[in-house]
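# Structural characterization, general
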Amino acid sequence: MSKKILTVDDSASIRQMVSFTLKGAGYEVIEAPDGNAGLSKAQAGQVDLVLTDQNMPGMDGLTLIKSLRRLPSYGATPILMLTTESSDEMKALGRAAGATGWLVKPFDPQKLVDVVKRLVG
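Residues numbered from 1 in each chain as written. Predicted model: local features only at pLDDT ≥ 70, side-chain atom pairs only at ≥ 80, totals over all residues. Heavy atoms only, no water.

What follows deals with the overall build of the protein. Secondary structure summary: the protein contains five helices and five strands in total. In sequence order, the protein lays out its α and β elements as β-α-β-α-β-α-β-α-β-α. For 121 residues, the compact-globule formula gives about 14 Å, and the C-alpha radius of gyration of the protein, at 13 Å, lands near that figure. Principal-axis analysis of the C-alpha atoms places the extent of the protein at approximately 30 × 30 × 25 Å. Across the 121 residues that make up the protein, the buried fraction comes to 47%. When the accessible surface of the protein is totalled, it reaches about 5900 Å², and 52% of it is carbon and sulfur. (Helix = DSSP H or I, 4+ residues; strand = E, 2+ residues; numbered from the N terminus. Rg over C-alpha atoms; globule rule 2.2 N^0.38 Å. Buried < 20%, exposed > 50% of the residue type's maximum accessible area, 1.4 Å probe, protein only. Areas by Shrake-Rupley, 256 points an atom, 1.4 Å probe, with all protein chains shown as cover.)

Next up, the structure:
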């Protein structure tokens, strides 16, 4: 049974690239265009890992992470930020919110697969 990954990003092209990359590595991928939709999809069915952008309309990535961490079923689920934000200050905010790790766009597809494999197998 493949691991289920939720990718949350307001850019359809980024979601498609993430989905293509991870499906090619054998993962099941579901997509959401913003934090609100991502939270709804995460609540509708447990996922094994969440990838989220920071800057999105409606609910940003940090708020999504905090919301997921308040859910008992997502207390230990790996959550990665995949964003153009790369400042130390923003990374510290991500860690404080409960992010497991941080990847900067544009991303290296092999590095994304390696990180996901390390976290969920």
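After presenting the structure, the write-up continues.
Reading across from one edge, β2-β1-β3-β4-β5 is the order of the five strands in this open sheet, with parallel pairing throughout. What marks the edges here is a single partner per strand, and that holds for β2 (28-32) and β5 (101-104). Here the average twist between neighbouring strands, direction ignored, is 20°. Pairing between strand β1 (residues 4-8) and β2: five bridges, direction parallel. Directly across from I5, in β2, lies its bridge partner V29. Set on the sheet, helix α3 (residues 61-69) makes contact with β1, β3 (49-52) and β4 (79-83); between it and β4 the angle comes to about 175°. The strands touched by helix α5 (residues 109-120) are β1, β3, β4 and β5; relative to β3, the strand with the most contacts, the crossing angle is about 145°. (Pairing = 2+ DSSP bridges. Axes fitted to C-alpha atoms, helices over the stretch in contact; angles between N-to-C directions. Contact = heavy atoms within 4.5 Å.)

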